[in-house]
Amino acid sequence: MLGVLCASCSDFLDVQPSDRISEEQNFSTIPGFKQALNGIYIDLNVNELYGRTLSCEFIEIMAQRYDIGQDNKTALEIMQLEFGGSAAQSRLSSIWGKAYKLIANINLIIRNCETHRNVLPDEYYHLIKGEAYALRAYLHFDLFRLFGSRYTPDESATAIPYYTEFQLEVNPQLSSIEFMEKVLADLAVAEEELKDDPIVNYGVAGNPKDVFLSFRNLRLNLYAVYGLMARCYYYMHDKENAYTYSKRVVDLQERYFPWVNPIVLTRSSVDRVFSTEVLFALQNLQRDNLFTTFFDANNLKTSTLLAPRDNVLQNIFEGSVAASDYRVRASFKNSVELSGTTYRMFNKYQGADSLYSQMIPMMRVSEAYLILAETGPDDTERMTRFNEFRNARGLQGIKRIYGELDDPTDKYSALYKEWIKEFFGEGQLFFWYKRNKCSSMRSATDEYNDYPFRVSPLTKYTLPIPEEESQYN
């Protein structure tokens, strides 16, 4: 852990605690601050984090997204939520180490925002500080959802360390209540600091006078903070606050984050991520490598391919309805037969010829709609929001969600089905299962899900802290 905390996030942020000269140099100019914050976003794209592991591969394997070939031993262990092997342990160590390294460097930025306050004009000071606090909360929250026990208002439920300072000392584990209080405190600071975010006056394109103030959906902007607060409160089962922040996102959705226009699905360069709907995304210049490495069924063997079965996907997207569902048209258009099994090729991350072909979505407006469909104050609003969402996916509205299907985790529930459909390759389904204490996940191999993947005991949702770290925590 000491090594992790001392390590830098990139070559341009080479900080040695025993030698403050490099830190002074890096934060002595506005470009130095910009470079340091940009480095955080760049390093979120590493394979160990959202460039692969926590977006479309490791975490989606845990959520039973893909039919894993029997000769892909490591992926099968991960799919079974078994982490005793050396390969799985190595993956967990990489996630833990990379995330805490970035948190350490975020804390350096926050510290130097105050130490070198005279360097930064107000606009940059508030923007950099606000994004840094939001990023610190984002990373801590995902580490908690992975390695912490499921949130419960019980002081005995343990979480993981939370770091608000760049330090060599190891912080103790917190209760889940204490941990989430720190997450929300950081987001409250971010919300305040970002109140004049360029996205408010200029929209997603940002302020054209400075590229650092542009492309606001590639930064953790003010409205993404609203979405993250909704996500946090929803995970905590705080329906009132989850509703409040989700509604903030929904109220500004049409102006800032309009639903995908189906016309773009007919163009040669398809906007497969529905980029206009994305609150916050990473820009990954090598994103097409994800497709060629894991999802290109025309060129990969089953020992490496990640793909859903065709009959399973047809059932998930409700058979004939799939033809009109924009998500199928964008990301699951083609099928292929390998070794007697028909798969659907997942190509959301295919292509590299446009900005949206470089985006890895981290948060999108549809999450706010699904949260409102569950937490709204009355059946009318819940149904309205749910049908607005379905219409935006090329589907007809439905007349009822609730009644005997009130439980969103019931496999026949409309809400259950949409959570499974919506965030394919974006790393959110596993956390939804964990949040709801689901005793099973939708099967990756059983067409009708008569024999779902059983999660027993439920503690299997909590990934083990890497062995080399647990001795300190």
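Starting from 1, residues in each chain are numbered consecutively following that chain's sequence as written. The predicted nature of this model means local features are confined to residues of pLDDT at least 70 and side-chain atom pairs, given and counted, to a pLDDT of 80 or more, with totals for whole chains, interfaces and linings taken over all residues. Side-chain numbers here rest on the full set of heavy atoms in the structure, without hydrogens or water.

Trainee: Which parts of the structure should I look at to understand a nonpolar patch on the surface?
Mentor: Exposure above 30% relative accessible area and the absence of a salt bridge qualify a residue for a patch, where like charges join within 9 Å and nonpolar side chains (Val, Leu, Ile, Met, Phe, Trp, Tyr) within 5 Å. Per-residue and other accessible areas follow the Shrake-Rupley method at a 1.4 Å probe size, with only the shown protein chains counted as cover for residues. Salt bridge criterion: a side-chain nitrogen from Lys or Arg within 4 Å of a carboxyl oxygen from Asp or Glu. A contiguous nonpolar surface patch, about 280 Å² in accessible area, is contributed by Val 211, Phe 215 and Leu 355. The helix count covers DSSP runs of H or I at least four residues long, the strand count covers runs of E at least two residues long, and both are numbered beginning at the N terminus. Examined against the element boundaries, Leu 355 turns out to sit in the loop between β3 (341–344) and β4 (359–364). In this structure Leu 355 comes out as partly exposed when scored by relative accessible area, which is 36%. Throughout, exposure labels follow a simple rule: accessible area from a 1.4 Å probe, protein chains only, divided by the maximum for the residue type, with under 20% read as buried, over 50% as exposed, and the rest as partly exposed.

Trainee: Just checking my understanding: could you explain the pairing of strand β2 (residues 335–338) for this structure?
Mentor: Residues Val 336 and Leu 338 line the buried face of β2, whereas the alternating positions Ser 335 and Glu 337 sit on a face that is not buried. Examined bridge by bridge, β2 and β3 share four bridges and lie antiparallel to one another. Bridging across to β3, Ser 335 finds its partner in Arg 344. Taking the residues between adjacent antiparallel strands as the criterion, β2 and β3 are bridged by two residues, where Ser 339 takes a positive phi near 50 degrees. By definition, two strands form a pair when at least two bridges between them are found by DSSP.

Trainee: Hey, could you run me through the nonpolar core in this one?
Mentor: The nonpolar side chains of soluble globular proteins are, as a tendency, buried together. By size, the foremost hydrophobic cluster in this structure holds 155 residues, and its most contacted members are Met 62, Phe 147 and Phe 430. Tallying contributions element by element places helix α7 (residues 122–147) first for this core, with 16 residues. Non-local contacts of Phe 147, meaning those with residues more than four positions away in its chain, are made with Leu 92, Ile 95, Trp 96, Ile 160, Thr 462, Leu 463, Pro 464, Ile 465 and Pro 466. Residues belong to one nonpolar core when they are buried, are Ala, Val, Leu, Ile, Met, Phe, Trp, Tyr or Cys, and are joined through side-chain atoms within 4.5 Å. Residues are treated as being in contact if the distance between any of their heavy atoms lies within 4.5 Å.

Trainee: So what exactly am I meant to see when it comes to the pairing of strand β1 (residues 278–283) here?
Mentor: The two faces of a sheet get side chains in turn, since along a regular strand they alternate between them. Of all six residues making up β1, five are buried, and the element is well covered by its neighbours. Sheet topology places β1 next to β4; five bridges connect them, and they run antiparallel. Opposite Val 278, over in β4, you have Arg 364 as the bridge partner.

Trainee: Explain unusual backbone geometry to me, please; I cannot follow it from the model alone.
Mentor: Across residues other than glycine, the phi torsion is negative in most instances, and most of the peptide bonds are trans. That bond from Ser 456 to Pro 457 is cis: its omega, 0 degrees, falls within 30 degrees of zero. Its identity as a non-glycine residue notwithstanding, Glu 318 has a phi of 65 degrees, on the positive side. Assignment of secondary structure puts Glu 318 in the loop between α13 (310–316) and α14 (326–331). Although it is not a glycine, Ser 339 sits at a positive phi angle of roughly 50 degrees.

Trainee: It is not clear to me how the state of the cysteines should be interpreted in this structure. Could you clarify?
Mentor: The term disulfide refers to a covalent linkage connecting the sulfur atoms of a pair of cysteines. Cysteine sulfur pairs qualify as disulfides if the two atoms are within 2.5 Å. Summed over all chains, the structure comprises zero disulfides. Cysteine Cys 232 is unpaired, with the sulfur of Cys 438 as its nearest cysteine sulfur at 19 Å. Among the residues examined, Cys 232 registers a relative accessible area of 0% and is labelled buried.

Trainee: Please clarify how helix α16 (residues 379–391) should be interpreted in this entry.
Mentor: One turn of an α-helix holds 3.6 residues; hence residues three or four places apart share an orientation. For α16, which comprises 13 residues, the first-to-last C-alpha distance of 18 Å matches the rise-based estimate of 18 Å (1.5 Å per residue) to within 8%. Those residues of α16 not exposed but buried are Glu 381, Arg 382, Met 383, Arg 385, Phe 386, Asn 387, Phe 389 and Arg 390. Residues of α16 that are buried sit in contact with α11 (239–256), α14, α15 (365–375) and α17 (414–422). We call two N or O atoms a polar contact when they sit within 3.5 Å, provided that within protein one can donate a hydrogen and the other can accept it, with sequence-adjacent residues counted only if both atoms are side-chain atoms. By the N-cap criterion, in which a side-chain oxygen at the helix start approaches the backbone nitrogen of a residue two or three places on, α16 is capped by Asp 378, the distance to Thr 380 being 3.1 Å. Each helix should span, by expectation, one fewer than its residue count multiplied by 1.5 Å.

Trainee: I tried to follow the packing of aromatic side chains on my own but got confused; where do I start?
Mentor: Centre distance and the angle of the planes are the two values used to describe a pair of aromatic rings. Only Phe, Tyr and Trp rings are paired, with Trp represented by its six-membered ring, and only when their centres lie within 6.5 Å; those with planes under 30 degrees apart are stacked, over 60 edge-to-face, the remainder tilted. Enumeration according to the criterion identifies 37 aromatic pairs in this entry. Relative to Phe 212, the ring of Tyr 124 has its centre 6.0 Å away and its plane inclined at 65 degrees; by these criteria the two rings are edge-to-face. In this pair, Tyr 124 is assigned in helix α7 and Phe 212 in the loop between α9 (198–202) and α10 (222–235), connecting sequence segments 88 residues apart. Judged on exposure class, the residue Tyr 124 and its partner Phe 212 are both buried. Ring geometry for Tyr 162 versus Phe 179: centroids 5.1 Å apart, planes at 70 degrees, classification edge-to-face. Of the two residues, Tyr 162 sits in the loop between α7 and α8 (176–193) while Phe 179 sits in helix α8, which places them 17 residues apart along the sequence. Of the two residues examined, Tyr 162 and Phe 179, each falls in the buried class. Of the aromatic side chains, those joined through ring pairs into one cluster are Tyr 66, Phe 294, Phe 295, Phe 317, Phe 332, Phe 346, Tyr 349 and Phe 424. Criterion for a charge above a ring: Arg CZ or Lys NZ at most 6 Å from the ring centre, at most 35 degrees from the ring normal. Taking NZ or CZ as reference, Arg 435 lies 3.6 Å from the ring centre of Tyr 234, over its face.

Trainee: How do you make sense of α10 when you look at a structure like this?
Mentor: Over its 14 residues, α10 runs 20 Å from end to end, which matches the ideal 20 Å to within 8%, given 1.5 Å per residue. Counting buried residues along α10, 14 of its 14 residues qualify, which places the element largely inside the surrounding structure. Its side-chain oxygen placed 2.9 Å from the backbone nitrogen of Tyr 223, Asn 221 serves as the N-cap of α10. Backbone geometry just after α10 places His 237 at a positive phi near 65 degrees.

Trainee: Could you clarify how one ought to interpret the pattern of salt bridges in this entry?
Mentor: If the charged atoms of two oppositely charged side chains come close together, the side chains can form a pair. One pass over the structure, following the stated rule, counts 37 salt bridges. Ionic pairing is found between Asp 122 and Arg 117, a salt bridge with its closest N-O pair at 2.5 Å. Here Arg 117 falls in the partly exposed class, since its relative accessible area comes to 28%. Glu 318 is the salt-bridge partner of Lys 417, the closest N and O atoms lying 4.0 Å from each other. With Lys 417 in helix α17 and Glu 318 in the loop between α13 and α14, this residue pair connects regions lying 99 residues apart in the sequence.

Trainee: How should the packing of α15 against α17 be read in this particular structure?
Mentor: Packed helices, taken two at a time, are described by the angle their axes make and the gap between the axes. With their axes 11 Å apart at the nearest point, α15 and α17 run at an angle of 165 degrees to one another. The angle between the axes of α15 and α17 places the two elements in the roughly antiparallel class. Judged by the twist between their axes, the crossing of α15 over α17 is left-handed. Packed against α15, whose contacting residues are Ser 366, Glu 367, Leu 370, Ile 371, Ala 373 and Glu 374, the element α17 presents Leu 415, Glu 418, Trp 419 and Glu 422 at the interface. Within the contact of α15 with α17, the residues separate by chemical class into five nonpolar, one polar and four charged. To obtain each axis, a line is fitted to C-alpha atoms, and for helices this fit is confined to the stretch in contact; angles are then taken between N-to-C directions over 0 to 180 degrees. For classification purposes, angles smaller than 35 degrees are called roughly parallel, those larger than 145 roughly antiparallel, those between 65 and 115 roughly perpendicular, and all remaining angles oblique. Helix crossings fall into two classes, left-handed where the near helix is turned counterclockwise from the far one by less than a right angle and right-handed where it is turned clockwise. Asp, Glu, Lys and Arg are counted as charged, while Ala, Val, Leu, Ile, Met, Phe, Trp, Tyr, Cys and Pro are counted as nonpolar; the rest, among them Gly, fall into the polar class.

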